[in-house]
Amino acid sequence: MAGEWRASTWGDEISLEYGKALRGHETAVGRCRVYGSNGPIGWTDESLAQGPGVILGRKGAYRGVRFSREPFFVIDTAYFVVPKSELDMRWLYYAIKHNKLGEVDDGSPIPSTTRAAVYMLDLDVPPLDEQRAIAHILGTLDDKIELNRRMSETLEAMARALFQSWFIDFDPVRAKLALSEAEGAAGRDPGLPQPLADLFPARLVDSELGEIPEGWEVQAVAEHTVNFDSKRVPVSGAERSKRQGTYPYHGAAGVMDYVDDYLFDGIHLLVGEDGSVVQNNGLAVTQYVWGKVWVNNHAHVLQGRGTVSTEQLYLYFHFEPVAPYVTGAVQPKLSQGRMNTMPFVFAGEALCRAFERTIQPWFARLRACVDESRTLASLRDALLPKLISGELRAKDAEQFIGRTV
């Protein structure tokens, strides 16, 4: 053990304080995050603890660990951590994660982490300056990951907003229509450059889906997708345990495992087929994936066809409900045949190309953010146990951070 570290127990260093029951936090708007056993669950204007602070899940199969810079509230399924001496709170957060206090189980029918079980566990405590250095190194990585997450959310929100404006609300068409009616002549969309505005018609016409822009067609989504379902291969959990690797293994709703080979390489859209296929709002469960991946037979594997990009197809499923096409009450299923019949309003090749040119830089940046975050997370996960245990000193780890962030 590195010099000046002291042997202690968790009971000598911290107190786990119970949260309190709270109503209405799920729909409330407030300044303080509300945390439960698994993480954030709402908002309130009332704070139970001041930030920075650490929240540890108390009940349930999964008991997470969270760090909050700001004042927060904890309900009665979780603890908040109160140090008994001067300790760096973010170092405490990483120490709790490393020591897996959320997995300490009292053996009751409802899995629970008890204070008595935690307090008796051993803990090695570094000097305060070393705690702060460790927290700075690991925190810098997590802060960059969080920044990338927010950037990715913003980029996707921009793409969704543009898709909705052009292909759902028909804003440019309505703007040209309003201008032409006001001036008594064909007008241009004042919000777009002339070459782009010229791609939009100035009239809406009736269709089987209601009014759509003149010249646009209601077609089946199958006409604009390439389907790779025949290349999917399911792998049992037992077999996957023998084939652990670096390639994501995707199911209907997300990554289930990592295996030693891949089936698909490139940018694809995954749409849930069995089980997790429809959200509460009626929309499909989708995944936008890129690179080398393995996909089982519970998710459709699609790409855009022709001038409809995979990204445009991905955005389409954020607005077109799949609930009417899902069968099965016990095991919901969105079959390929039923999915193929979903209506797709095709705006024409020129406009689809213009849309792709606009959004592709946003999605390229999104992919870069996610890829960088994966690299940073791997580095953090490699450094965390070494730093918290004292195997690696903070000053020796700073060189890695300087080259990465």
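In what follows, the structure referred to is the one given above.
What counts as what
Residues numbered from 1 in each chain as written. Predicted model: local features only at pLDDT ≥ 70, side-chain atom pairs only at ≥ 80, totals over all residues. Heavy atoms only, no water. Pairing = 2+ DSSP bridges. Helix = DSSP H or I, 4+ residues; strand = E, 2+ residues; numbered from the N terminus. Axes fitted to C-alpha atoms, helices over the stretch in contact; angles between N-to-C directions. Salt bridge = Lys/Arg side-chain N within 4 Å of Asp/Glu carboxyl O. Buried < 20%, exposed > 50% of the residue type's maximum accessible area, 1.4 Å probe, protein only. Phe/Tyr/Trp six-rings, centres within 6.5 Å; stacked < 30°, edge-to-face > 60°. Lys NZ or Arg CZ within 6 Å of the ring centre and 35° of its normal. Parallel < 35°, antiparallel > 145°, perpendicular 65-115°, else oblique. Contact = heavy atoms within 4.5 Å. Nonpolar A, V, L, I, M, F, W, Y, C, P; charged D, E, K, R; others polar.

1. Things to note about the sheet that holds strand β17 (residues 268-272)
- Sheet architecture is open: four strands sit in the order β13-β20-β17-β18, paired in antiparallel fashion. At either end of the open sheet lies a strand with only one pairing partner, and these are β13 (225-227) and β18 (286-289). Sheet twist, expressed as the mean angle between neighbouring strand axes with direction ignored, is 30 degrees.

2. Some points on the pattern of salt bridges
- Throughout the structure, instances matching the rule amount to 24 salt bridges.
- With its nearest N and O atoms 3.7 Å apart, the salt bridge here joins arginine 367 to glutamate 311. Placement of arginine 367 in helix α10 (residues 349-389) and of glutamate 311 in helix α8 (residues 310-316) is noted, with a sequence separation of 56 residues between them.
- Taking the relative accessible area as the measure of exposure, glutamate 311 reaches 3% and is therefore buried.
- Connected through salt bridges with shared partners, the residues Glu146, Arg149, Arg150 and Glu153 form a single ionic network.

3. Details of the packing of aromatic side chains
- Counting across every chain of the model gives 20 aromatic pairs.
- With centroids separated by 5.5 Å and ring planes inclined at 20 degrees, the aromatic side chains of phenylalanine 163 and phenylalanine 319 adopt a geometry described as stacked. Of the two residues, phenylalanine 163 sits in helix α4 (residues 128-168) while phenylalanine 319 sits in the loop between α8 and α9 (336-340), which places them 156 residues apart along the sequence.
- You can call phenylalanine 319 partly exposed: its relative accessible area is 24%.
- Aromatic side chains phenylalanine 170 and tryptophan 216 sit 5.6 Å apart centroid to centroid with 90 degrees between the ring planes, which places their arrangement in the edge-to-face category. One end of the pair, phenylalanine 170, is in the loop between α4 and α5 (171-183); the other, tryptophan 216, is in the loop between β11 (212-213) and β12 (217-220), with 46 residues separating them in the sequence. As far as burial versus exposure is concerned, phenylalanine 170 and tryptophan 216 are alike and both buried.
- The aromatic ring of tyrosine 119 is capped on one face by lysine 84, whose charged end is 5.7 Å from the ring centroid.
- Note that lysine 292 overlies the ring of tyrosine 262, its terminal NZ or CZ placed 5.5 Å from the centroid.

4. Description of the environment of alanine 116
- Among the secondary structure elements, alanine 116 is positioned in helix α3 (residues 115-119).
- For alanine 116 and glycine 11, which are 105 residues apart along the polypeptide, the C-alpha to C-alpha distance reads 8.2 Å.

5. Here's the deal with unusual backbone geometry
- With omega at 0 degrees, the peptide bond leading from glycine 51 into proline 52 counts as cis.
- Secondary-structure assignment places proline 52 in the loop between β4 (39-44) and β5 (53-57).
- Of note in the backbone geometry, lysine 100 takes a positive phi value of approximately 55 degrees without being a glycine.
- Along the chain, lysine 100 turns up in the loop between α2 (89-98) and α3.
- For lysine 100, a relative accessible area of 49% puts it in the partly exposed group.
- Of note in the backbone geometry, phenylalanine 170 takes a positive phi value of approximately 55 degrees without being a glycine.
- Given the relative accessible area of 6%, phenylalanine 170 is considered buried.

6. Points about the packing of α2 against α4
- Running from N to C, α2 and α4 point in directions that differ by 75 degrees, and their axes come no closer than 8 Å. Overall, the two elements α2 and α4 adopt an arrangement that is roughly perpendicular. Contact with α2, carried on its side by Arg90, Trp91, Tyr93 and Tyr94, involves Gln131, Ile134, Ala135, Leu138, Gly139, Asp142 and Asp143 of α4 and no other residues of that element.
- Its residues assigned to classes, the contact of α2 with α4 comprises six nonpolar, two polar and three charged.

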